[in-house]
Amino acid sequence: MSASIQKVGPAIPIQCHAWSSDRQTIAVSHNDKLVELYKQQPGGSWNQTDILDQHDLRVNDIDWAPNTNRIVTCSADRNAYVWVQGADGKWKHTLVLLRINRAATCVRWSPQENKFAVGSGARIISICYLDEEKDWWVAKHIRKPLRSTITTVDWHPNNILLAAGCTDFKVRVFSTYIKEIEPKPSATEWGAKMPFANLMAEFSNSPTGGGWIHAVAFNEEGTRLAWVGHDSSIAVADAPSGMVMMKLKTNLLPFLSLLWIGPNRLLAAGHDCVPVLFHVDSAGKVSQGPKLEEGGNVVEATAAASAKNMFKNKDRLGQELVDSRLGTTHQNQINSMRILEGNKVEARRVSTTAGDGALV
């Protein structure tokens, strides 16, 4: 599978990224408090079109709603902002008071884009929706039985159920039904009673812990929920089969992001610096497939380059011996992964951003 390296801004780590609906503009955060927008030019280069600067601390996550064209960002400053593009092309911000006392760690728009979920280090999930009468965003809290930082969230296709992964080694599915803005939901494989904050399902990564959860993902139908943990594992829970959970421990480094790219295919990426394909059979059993690229041996720098880079690395990185290069496209852990072309049924292209500052 081919990979194309794109230079988007300075060569410093990219914490997260999100695409516009036409896939011509990308929003990235270079591990700081800014969100930068870049648009691809006819020649293939990327030009910065705008900077979204309201957060006081590092931006932890970004999501871009494809239909309403609204961007939501969350940060370690405990706030979220919703950005709306005006008729003049400028982005106008609205502060969302999450009412939390720890960093906001992750954010995702719901499928209908009428609300979004924010995870935090305060052991709270904030479900935010727009109060049309008062014209502000209201945050409702899911608290119990959360006992640790929420690291990742993902929405069920019905716009009601939300999956959350935490550092207490648990994956939970909650109801986010808000009667003020949506009709009463119908029953699903995950349960029938869905008042707000109701716990629909809970899964432990393993009886002995198994590492905190880095990413969760519902499939297109919402019948299966997959997640990856810090113990280098990947697991899938199947709701129609009685909440049966199948887990695979790998000999790879821990994964940080996860995508469904087909009805029975998953793509995971993380500290191995390359995405890995996994297959899920009809019984829910997970098996490891190939890597999207086979990295060769570590390439050592020449003596001349080593001498030249010694002072450069001391200045930029605070260390001398950074003379080797991995045999993979990314040279550092992959932090985020998005579907660039296609959907969860058939993803044809994906994008990744990593600690090496590259967009692939």
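Please refer to the structure higher up on the page.
Let me sum up the structure you'll find in this document. (Residues numbered from 1 in each chain as written. Predicted model: local features only at pLDDT ≥ 70, side-chain atom pairs only at ≥ 80, totals over all residues. Heavy atoms only, no water.)

## Things to note about the overall build of the protein
Scanning the protein from N- to C-terminus turns up one helix and 28 strands. Counting over 360 residues, the protein shows a buried share of 49%. Considering only intrachain contacts with a sequence separation of at least 6, the fraction spanning at least 24 residues in the protein is 48%. For the protein, the exposed surface amounts to about 16,500 Å²; the carbon and sulfur share of it is 50%. (Helix = DSSP H or I, 4+ residues; strand = E, 2+ residues; numbered from the N terminus. Buried < 20%, exposed > 50% of the residue type's maximum accessible area, 1.4 Å probe, protein only. Contact = heavy atoms within 4.5 Å. Areas by Shrake-Rupley, 256 points an atom, 1.4 Å probe, with all protein chains shown as cover.)

## Observations regarding the sheet that holds strand β6 (residues 70-75)
With respect to topology, four strands assemble into an open sheet ordered β5-β6-β7-β8, the strand pairing being antiparallel. Across the chains shown, the open sheet's two edge strands, defined by having one partner strand only, are β5 (59-64) and β8 (91-96). Averaged over neighbouring strand pairs, the angle between their axes works out to 20 degrees when direction is ignored. In the sheet, strand β7 (residues 80-85) pairs with β8 via six bridges, with the strands oriented antiparallel. For V84, the partnering residue across the bridge sits in β8 and is K92. (Pairing = 2+ DSSP bridges. Axes fitted to C-alpha atoms, helices over the stretch in contact; angles between N-to-C directions.)

## Thoughts on the nonpolar core
Counting 19 residues, the largest nonpolar core has L161, V173, W190, V216, L225 and W227 as its most contacted members. Looking at this core, the elements with two or more residues in it are β14 (161-166), β15 (170-175), β16 (199-204), β17 (213-218), β18 (224-229) and β19 (233-238). Counting residues in each nonpolar core, the second largest holds 18 residues, with L98, V107, V118 and I124 among its members. (Core = buried A, V, L, I, M, F, W, Y, C linked by side-chain atoms within 4.5 Å.)

## Observations concerning the pairing of β14
For β14, the tally of buried residues reaches six of six residues, placing the bulk of the element in the interior. The alternating pattern of β14 places L161, A163 and G165 and L162, A164 and C166 on opposite faces, both of which are buried. One ladder, built from five bridges, connects strand β13 (residues 150-155) with β14; its direction is antiparallel. Pairing of V153 across the sheet is with A164, part of β14. The turn joining β13 and β14, which pair antiparallel and follow one another in sequence, is formed by five residues; a positive phi near 75 degrees is taken by N159. Sheet analysis places β14 next to β15, joined by five bridges and oriented antiparallel. When the bridges of β15 are listed, L161 appears paired with S175. Linking two consecutive strands that pair antiparallel, namely β14 and β15, is a turn of three residues; a positive phi of about 70 degrees is found at F169 within it.

## Details of the side chain of S351
Mapped onto the secondary structure, S351 falls in strand β28 (residues 347-354). Here H17 takes part through its side chain, which lies 2.9 Å from a polar atom of the side chain of S351. If we skip the residues at most four places from it in the chain, S351 touches H17, W19, S336, M337, R338, L340, L359 and V360. (Polar contact = N/O pair within 3.5 Å; in protein donor to acceptor, adjacent residues only side chain to side chain.)

## Things to note about the packing of aromatic side chains
The final tally for this structure, using the stated rule, is ten aromatic pairs. Taking 6.4 Å as the distance between ring centres and 85 degrees as the angle between the ring planes, the aromatic pair formed by W190 and F203 counts as edge-to-face. Of the two residues, W190 sits in the loop between β15 and β16 while F203 sits in strand β16, which places them 13 residues apart along the sequence. Comparing W190 with F203 shows no difference in burial state: the two are buried. Here K140 stacks its cationic end above the ring of F196, 4.6 Å away from the centre of that ring. (Phe/Tyr/Trp six-rings, centres within 6.5 Å; stacked < 30°, edge-to-face > 60°. Lys NZ or Arg CZ within 6 Å of the ring centre and 35° of its normal.)

## Quick look at the sheet that holds β19
Taken in spatial order, the four strands make up an open sheet running β17-β18-β19-β20, and their pairing is antiparallel. Edge strands, defined here as strands with exactly one partner in the open sheet, are β17 and β20 (244-249). Put simply, the sheet's adjacent strands are angled 15 degrees from each other on average, direction ignored. Pairing between β19 and β20: six bridges, direction antiparallel.

## Observations concerning unusual backbone geometry
A cis geometry characterises the amide bond from K144 onward to P145, with omega recorded as 0 degrees. Summarising the element assignment, P145 is placed in the loop between β12 (136-142) and β13. A positive phi is found at N69, a non-glycine position, where the angle reads about 60 degrees. Structurally, the position occupied by N69 is in the loop between β5 and β6. A positive phi angle is found at D135, which is not glycine, with a value near 55 degrees. What makes D135 exposed here is its relative accessible area of 61%.

## Details of the environment of L199
Turning to its location among the elements, L199 is positioned in strand β16. A C-alpha to C-alpha distance of 8.2 Å links L199 and P145, two positions 54 residues apart in sequence. If we skip the residues at most four places from it in the chain, L199 touches P145, R172, V173 and F174.

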